[in-house]
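# Observations on the three-dimensional arrangement
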Amino acid sequence: MNRNLPKEHAVNFLKYCPHCGSEQFVAQSTKEFACAQCGFHFFTNSAAAVAIIIENERGGIMLTRRARDPWKGMLDLPGGFVDPGESVEQAAHREIREELGIEIDHLQYFASSANKYVFSNYLIETTDICFTCVASLPSAAIVPMDDVCEILWLAPDDINLETIGGESIRYLVGSYIAMKKLRH
């Protein structure tokens, strides 16, 4: 079953039943596992993540530079994983506080995209939920923190999508730029 899957896929990692510890924990598909000893079923579902497109009053789009792997040094949108018990909106606000040190309002849903995120040599499949908002703060009030090492404001025409890490984020930024061009 794992011939065509990347080495980081759960099928290649999950070998013991998390319920009873048995080695009879067998992949039923690329997302379902079952224990022959205790009958426990386990599914690897998509993890939720948020990304936020922040525009300034001049129409510039904020991109951040990643301070950590995956995609260290590449451009990204601020955002991250949704914590258990948290809504996607709460996650967006928390991630902006953690990465930029600011509060944002008027989040608006934009789009979503499937993503593959390899961390610690383990594939995490995510559903990236993208919001938009307009920053009303001066750029000096925004401070890169957490896994952000730099903040850039770029005109949509100056964004090279190939400098953005992660297929999902490239898609979301590209879709946003295309939408803005259609409106003008």
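The structure this text deals with has already been given above.
The structure reproduced in this document is the subject of the present report. Model, not experiment: these values are computed from the prediction. Along each chain, residue indices are assigned from 1 in the same order as the chain's sequence is written. Given that the model is predicted, a residue must reach a pLDDT of at least 70 before its local features are reported, and side-chain atom pairs must reach 80 or more before they are shown or counted; all residues, however, enter totals for whole chains, interfaces and linings. The side-chain figures draw on all heavy atoms in the structure; neither hydrogens nor water molecules are used.

## Examining the overall build of the protein
We count a stretch as a helix when DSSP gives it H or I for four or more residues in a row; a strand needs E for two or more, and each element gets its number in order from the N terminus. A count of helical and extended segments in the protein gives 2 helices and 10 strands. Along the protein, helices and strands appear, N-terminal first, in the series β-β-β-β-β-β-β-α-β-β-β-α. When the 184 residues of the protein are sorted by exposure, 41% land in the buried category. Note on contacts: a residue pair qualifies if any of its non-hydrogen atoms lie within 4.5 Å across the two residues. Taking the contacts inside the protein whose residues are at least 6 apart along the sequence as the reference set, 58% of them involve residues at least 24 apart. Accessibility throughout is a Shrake-Rupley quantity obtained with a 1.4 Å probe, and a residue counts as covered only by protein chains that appear here. Split by element, the accessible area of the protein, about 10,300 Å² in all, is 51% carbon and sulfur. We score Asp and Glu as negative and Lys and Arg as positive, and we do not count His or the chain ends. Here the site of a charge means NZ on Lys, CZ on Arg, CG on Asp, or CD on Glu. Side chains of the protein carry 16 positive and 24 negative charges; the gap between the two charge centres is 5 Å. To sort residues, take the accessible area from a 1.4 Å probe on protein chains only and compare it with the maximum for the residue type: under 20% means buried, over 50% means exposed, and anything in between is partly exposed.

## Some words on the sheet that holds strand β3 (residues 41-43)
Strands are treated as partners if at least two bridges between them are detected by DSSP. What the 3 strands build is an open sheet, ordered β1-β2-β3; its pairing is antiparallel. With partners counted over all chains shown, the strands left at the sheet margins are β1 (25-27) and β3, one partner each. Strand after strand, the sheet turns through a mean of 25 degrees between neighbouring axes, direction not considered. Sheet analysis places β1 next to strand β2 (residues 32-35), joined by 3 bridges and oriented antiparallel. For helices, the fitted axis covers only the stretch in contact; all axes are lines through C-alpha atoms, and the angles between them, taken along N-to-C directions, range from 0 to 180 degrees.

## Section: helix α1 (residues 88-100)
Taking 1.5 Å per residue, 13 residues should reach 18 Å; α1 reaches 18 Å between its end C-alpha atoms and fits that length. All of the buried residues along α1 are Ala-91, Ala-92, Arg-94, Glu-95, Ile-96, Glu-99 and Leu-100. Summarising the contacts, the buried residues of α1 are in contact with β4 (47-55), β5 (61-66), β7 (79-81), β9 (122-134) and β10 (148-154). Expected helix span is given by 1.5 Å per residue-to-residue step, counting one fewer step than there are residues.

## Side note on the environment of Ala-51
Along the polypeptide, Ala-51 turns up in strand β4. Overall, the relative accessible area of 2% leaves Ala-51 in the buried class. The sequence separation of Ala-51 and Asp-76 amounts to 25 residues, and the corresponding C-alpha distance is 8.8 Å. Excluding anything up to four places from it in sequence, Ala-51 contacts Leu-77, Pro-78, Gly-79, Ile-129, Cys-130, Phe-131 and Ile-169.

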